Amino acid sequence: MASMLGAFVNDFFTYETTKSVVVKSWSVGIVNRIIQLLIIIYFVGYVFLYEKAYQQNDTGVESSVMTKVKGFGYQDNQVQDTADYVYPPQGAGVFCIITKVIVTDNQTRGLCEEPSLDCANHTDCEAFYGNNLVNGAVTGRCHKNFNASEGKCEIRGWCPAEKKSFPREPMVDVNNFTIFIKNSIRFPMFDVTRGNFPQHMTSKEIKSCSYHPVRSPLCPIFRVGDILNSTGQDVHTLATMGGEIGINIAWRCDLDWDEEHCRPQYSFTRLDAPFSHNSVSKGYNFRFARYYKKEDGQDYRTLFKAHAIRFDIMVTGNAGKFSTVPTLINTVAALTSIGLGTVLCDIILLNFMKGADQYKAKKFEEVSEAQIEASITQSQGSQLSLKQETKTLCDSGAVSLSNDLLP
């Protein structure tokens, strides 16, 4: 046990230093240079040129979005304008274009039947107490017509109850509507402010242009049909059930160049695509009401269940500019990584090459304290014999060699 402890202590208190060994091998030398070349290409081509690792980046973009929808459509042979189908009307970054509406007219507060709750007696209705999926609070009563075997449960709420469906065609004219997007952004780290269309673009040019990723990439007016087609959606299906469309505005700015090169890039996607084939919660819809008052003071309302295409405008940004600190950090990382070629070549040299044992003997050498002391003693002996043949110059203190030792 003592010998094992002594061996552990002896091994623990050791020091390793690098020993340079020059290996005259074409194969290992070629591998070493290829690895170094690949590392240099990676850092220069990808890290510095593509990823621009020499730049300081600002991803905290500040953004403001304003929208306007233009176009006329028809529902039930009635013309619909933006005041009818855009909700909310403020022109924010999230808005809906209503394409189909189910209307329940003249609702007043009172008691009525719930069409979705069948019953044979009052006990059946009592089981629906607290049900939040109906149009009112269940009273526990079962309403049946004379000699009818089944009836409907009674609710207290807005009556008559909401219509579940209505044979109405969707407003497919949405295909030709246009969306005007005004987006301004700011990168606070660099105090750079940009807009999504050039300042020199005139009102006439804006009104006559239509966005196209190649022909007109800076036009701020987007045709709804083009957006839906780019996401691979069927306009009629989407207008019938509703859906959610994302408009992403990406700002990728290299501020080492002129700020005029800092321009947006647009992309489109259907956000509710994972639910488009579900049997429940398919599409997008919401409810709203318009309230009125009768001459006798009683309130009544018109309820609307709206199927709509919802547009979410999402703004992302990343701006970069040259900075000394990231440049130095990545330069040091590149120079350090070049040494990885030596590590891999050592593995090949010491394990897979012919004569690996001889390479190991040249590369690794153990030196004990006894060897050091013996070497020092031998060195001191040679120096002592040398001192016997030297003399001291008293006037300067320098040591000179005897004539016998000089060449």
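So what exactly am I meant to see when it comes to the nonpolar core here?
A general tendency of soluble globular proteins is for nonpolar side chains to be buried together. I97 and F311 are the most contacted members of the largest nonpolar core, which totals 45 residues. Of all the elements, strand β15 (residues 299-322) adds the most residues to this core, at seven residues. I97 has contacts with V69, Y85, V174, F177, V224, A308, I309 and F311, leaving out every residue within four places of it along the chain.

Honestly, the packing of aromatic side chains in this entry has me stumped. Any pointers?
What describes a pair of aromatic rings is the distance from one ring centre to the other and the angle between the planes of the rings. This model, assessed by the stated rule, comprises 19 aromatic pairs. When the ring of Y42 is compared with that of Y46, the centres are 5.6 Å apart and the planes differ by 20°; the resulting orientation is stacked. Separated by four residues within a single helix, Y42 and Y46 lie in helix α2 (residues 26-50), roughly one turn from each other. Y42 sits in the partly exposed class, given a relative accessible area of 43%. Feature note: the residues Y87, Y284, F286, F288 and F304 constitute an aromatic cluster, connected by ring pairs. Taking NZ or CZ as reference, K294 lies 5.8 Å from the ring centre of Y300, over its face.

Looking at this structure, how should I read the packing of α2 against helix α8 (residues 324-337)?
Relative placement of two packed helices is described by the angle separating their axes and the distance separating the axes. Packing of α2 against α8 brings their axes to within 9 Å, and their N-to-C directions diverge by 160°. By the criterion of interaxial angle, the relationship of α2 to α8 is roughly antiparallel. Handedness of the crossing formed by α2 with α8: right-handed. Residues I39, F43, V47 and F48 of α2 lie in contact with α8, whose contacting residues are T327, N330, T331, A333, A334 and S337.

Sorry if this is basic, but what is going on with the confidence of the model for the protein here?
It should be kept in mind that the predicted coordinates are not to be read in detail where pLDDT is low. When pLDDT is averaged along the protein, the result is 85, and 92% of the positions lie at 70 or above. Across the protein, element-level confidence peaks in strand β9 (residues 178-187) with a mean pLDDT of 96 and bottoms out in strand β17 (residues 399-401) with 34. In this model, residues 384-407 is a region of pLDDT below 50 whose contacts with residues beyond four sequence positions or in other chains number 13 contacts.

What counts, and where the lines are drawn
- Residues numbered from 1 in each chain as written.
- Predicted model: local features only at pLDDT ≥ 70, side-chain atom pairs only at ≥ 80, totals over all residues.
- Heavy atoms only, no water.
- Core = buried A, V, L, I, M, F, W, Y, C linked by side-chain atoms within 4.5 Å.
- Buried < 20%, exposed > 50% of the residue type's maximum accessible area, 1.4 Å probe, protein only.
- Helix = DSSP H or I, 4+ residues; strand = E, 2+ residues; numbered from the N terminus.
- Contact = heavy atoms within 4.5 Å.
- Phe/Tyr/Trp six-rings, centres within 6.5 Å; stacked < 30°, edge-to-face > 60°.
- Lys NZ or Arg CZ within 6 Å of the ring centre and 35° of its normal.
- Axes fitted to C-alpha atoms, helices over the stretch in contact; angles between N-to-C directions.
- Parallel < 35°, antiparallel > 145°, perpendicular 65-115°, else oblique.
- Left-handed = near helix turned anticlockwise from the far one by under 90°.
- pLDDT = per-residue confidence, 0-100.

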